[in-house]
Amino acid sequence: MPPKTRARASKRTASSGKDDDAEAAGGKRKAAAAPAEPAKNKESSECPQLCHWLMKSEPESRFENDIDVKFGIEDLKALPDQTGCWDGVRNYQARNFMRQMKDGQLAFFYHSNCKEPGIAGLMTIVKEAYVDHTQFDKKDVHFDANSKVDNPKWSMVDVQYQRMMKRFLPLSELKKYHLQHRATGGPLKDAALFTRARLSVQPLTPEEFDFVLSLEDEEPL
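Computed from a prediction, not measured in an experiment: that's the story for all the values here. (Residues numbered from 1 in each chain as written. Predicted model: local features only at pLDDT ≥ 70, side-chain atom pairs only at ≥ 80, totals over all residues. Heavy atoms only, no water.)

Draft legend 1. How the structure looks around the side chain of Asn-113. Here Asn-113 shows up in the loop between β5 (106–111) and β6 (118–131). A polar atom in the side chain of Asn-113 sits 3.0 Å from the side chain of Glu-58. (Helix = DSSP H or I, 4+ residues; strand = E, 2+ residues; numbered from the N terminus. Polar contact = N/O pair within 3.5 Å; in protein donor to acceptor, adjacent residues only side chain to side chain.)

Shown next, in the form of structure tokens:
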């Protein structure tokens, strides 16, 4: 639920097992004990050309601890300056991707854990990674008792609404392209939306981003 001045665009990190491949129930949830932070490796620490992103959030109401964790693109659009913080990420790889984000980069706003998951619009990173305050808030569903103020585990970025897609790009359509490209070659053959589907924050290569963006001008597959 958005706070008074910022978006509470929290994202989950466990998969529901649905074809959506969204976070297990989509948006904010009460934080369980966080898993041990994985050791850094070359793949995670060296990510060249990561300048486009896909970020998942729940557009439909769902309550946890009497808090509605709903946050869709229309909620971001309705905020002052159409800008909010992308808090609540509790997965190390997703967090590390956010820490690589740069001011001005573009991200797809992806609706997850809903009747029709898919890409709803575009937003811009307007503030690079900084400490996620919700990890210290005992009343917040993303409270992490193991995170300390002098050594915080979790980060967030600020995002600003740019525009809706010319047409909604459903996951079902994107998956058809993924399967085609995996068989014959194409930009979406290794797309993280399908190869790292559990992540709520995902990188896209320039080729993947441009291809997905081009689909809004095409007839549905």
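Read on for the rest.
Draft legend 2. Up close: the nonpolar core. If you look at the biggest cluster of nonpolar residues, it comprises 23 residues, and the most contacted ones within it are Met-55, Trp-86 and Val-201. Among the secondary structure elements, those contributing two or more residues to this core are β1 (52–57), α2 (73–78), α3 (92–100), β5, β6 and β7 (155–170). Residues Phe-108, Phe-194, Phe-211 and Leu-215 belong to the second largest nonpolar core, which totals 19 residues. (Core = buried A, V, L, I, M, F, W, Y, C linked by side-chain atoms within 4.5 Å. Buried < 20%, exposed > 50% of the residue type's maximum accessible area, 1.4 Å probe, protein only.)

Draft legend 3. Expanded view of the pattern of salt bridges. Under the criterion given, the structure shown has 9 salt bridges. For Asp-75, the salt bridge goes to Lys-70, with nearest N and O atoms at 2.8 Å. For Lys-70, a relative accessible area of 25% gives the class partly exposed. A salt bridge links Glu-216 to Arg-163; the shortest N-O distance between them is 2.7 Å. Of the two residues, Glu-216 is situated in the segment after α6 (206–214) and Arg-163 in strand β7; the sequence distance between them amounts to 53 residues. (Salt bridge = Lys/Arg side-chain N within 4 Å of Asp/Glu carboxyl O.)

Draft legend 4. Local environment of the pairing of β1. Across the 6 residues of β1, 6 count as buried, placing the element largely inside the fold. Alternating positions in β1 separate into two faces, His-52, Leu-54 and Lys-56 on one and Trp-53, Met-55 and Ser-57 on the other, with burial throughout. With 4 bridges joining them, β1 and strand β8 (residues 201–204) adopt antiparallel strand pairing. Residue pairing across strands places Trp-53 opposite Pro-203, the latter belonging to β8. (Pairing = 2+ DSSP bridges.)

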